[in-house]
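# Notes for the structure review
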Amino acid sequence: MEQRMMRPNAAPTRGRRAARRRPLTRLVLALFAALMLATLPAASPHGVLPIVSAHNLNQRMVYLFFDPATKALLDARIPTLTPPEPLLQVGDEIGM
């Protein structure tokens with residue numbers, strides 16, 4: 001009977017099948033963990049998933065024109081503006 005020499009503290013090998021199953025097991029565990037994390041918001045006290053909404057996602061209009069009164073206001077304010085002061089002030093009425 002032939003004995004194999006093993007390195008000290010080396011785990012015995014189980015063969016090719018066990019080596020192939022290990023990544024599959026990790027994948028299944030990762031998918032299970034992802035599923036559990038995805039369902040955590042449903043465990044909130046209200047039992048309702050948060051809803052996200054947005055508008056103007058495919059907006060094609062990328063231009064905007066101010067009315068003459070707003071243009072005159074901005075044109076008069078630009079020469080006297082100092083850098084930390086914003087161009088639009090509180091209480092300004094802007095027409096489009």
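Residue positions within a chain follow its written sequence, with the count starting from 1. With the structure being a predicted model, the display of local features is reserved for residues of pLDDT at least 70 and the display and counting of side-chain atom pairs for 80 or more, all residues being used for whole-chain, interface and lining totals. The basis for the side-chain values is all heavy atoms of the structure; hydrogens and waters are excluded.

### Digging into the overall build of the protein
Convention followed: Only DSSP runs of H or I with at least four residues qualify as helices, and only runs of E with at least two residues qualify as strands; both kinds are numbered from the N terminus onward. Areas reported here follow the Shrake-Rupley algorithm with a probe of radius 1.4 Å; residue values treat only the protein chains shown as occluding.
What the protein contains, in helices and strands, is two helices and zero strands. Looking at the protein as shown, the accessible area adds up to about 9,800 Å², and 62% of this sits on carbon and sulfur atoms.

### Points about the side chain of Arg77
To keep it simple, the criterion reads: For every residue, the accessible area obtained with a 1.4 Å probe (protein chains only) is divided by the maximum for its type, and the residue is called buried under 20%, exposed over 50%, and partly exposed between those limits. Whenever a nitrogen or oxygen atom comes within 3.5 Å of another N or O atom, the pair is scored as a polar contact, on the condition that within protein one atom can donate a hydrogen and the other can accept it, and that pairs from neighbouring residues in sequence are kept only if both atoms are in side chains. Throughout, a residue-residue contact means that at least one pair of heavy atoms, one from each residue, lies within 4.5 Å.
Within the secondary structure, Arg77 is located in helix H2 (residues 68–77). With a relative accessible area of 15%, Arg77 lands in the buried category. One polar contact links Arg77 to Asp92, side chain to side chain, over a distance of 2.6 Å. If sequence neighbours within four positions are ignored, Arg77 has contacts with Leu87, Leu88, Gln89 and Asp92.

### Regarding a nonpolar patch on the surface
Heads up, the rule is: To count toward a patch, a residue needs a relative accessible area over 30% and no salt bridge; like charges are then connected within 9 Å, while nonpolar side chains (Val, Leu, Ile, Met, Phe, Trp, Tyr) are connected within 5 Å. Should a side-chain nitrogen of Lys or Arg be within 4 Å of a carboxyl oxygen of Asp or Glu, the pair is scored as a salt bridge.
There is a patch of nonpolar side chains on the surface, built from Leu64, Phe66, Ile78, Leu87, Leu88, Ile94 and Met96 and spanning about 630 Å² of accessible area. Turning to its location among the elements, Leu64 is positioned in the loop between helix H1 (16–38) and H2.

### As for the packing of aromatic side chains
Defined as follows: Classification of ring pairs rests on two measures: the distance between centres of Phe, Tyr or Trp rings, Trp counted by its six-membered ring, which must be within 6.5 Å, and the angle between planes, read as stacked under 30 degrees, edge-to-face over 60 and tilted in between.
Applying the stated criterion to the full structure yields one aromatic pair. Both rings, one in Tyr63 and one in Phe65, keep their centres 5.8 Å apart while their planes meet at 45°; by these two values the pair is tilted. Taking the relative accessible area as the measure of exposure, Tyr63 reaches 53% and is therefore exposed.

### Examining the pattern of salt bridges
Pairs can form between side chains of opposite charge whenever their charged atoms are close. A complete count under the given rule lists one salt bridge for this structure. Notably, a salt bridge pairs Asp92 with Arg77, separated by 2.6 Å at the nearest N-O pair. Residue Asp92 is found in the segment after H2, and its partner Arg77 is found in helix H2; the two are separated by 15 residues along the sequence. Here Asp92 falls in the partly exposed class, since its relative accessible area comes to 24%.

### Section: the side chain of Thr70
Residue placement: Thr70 occurs in helix H2. Overall, Thr70 belongs to the buried group, its relative accessible area being 2%. Here the side chain of Thr70 touches Asp67 through a polar contact of 2.5 Å, side chain to side chain. Residues within four places of Thr70 in sequence aside, it is in contact with Glu93, Ile94 and Gly95.

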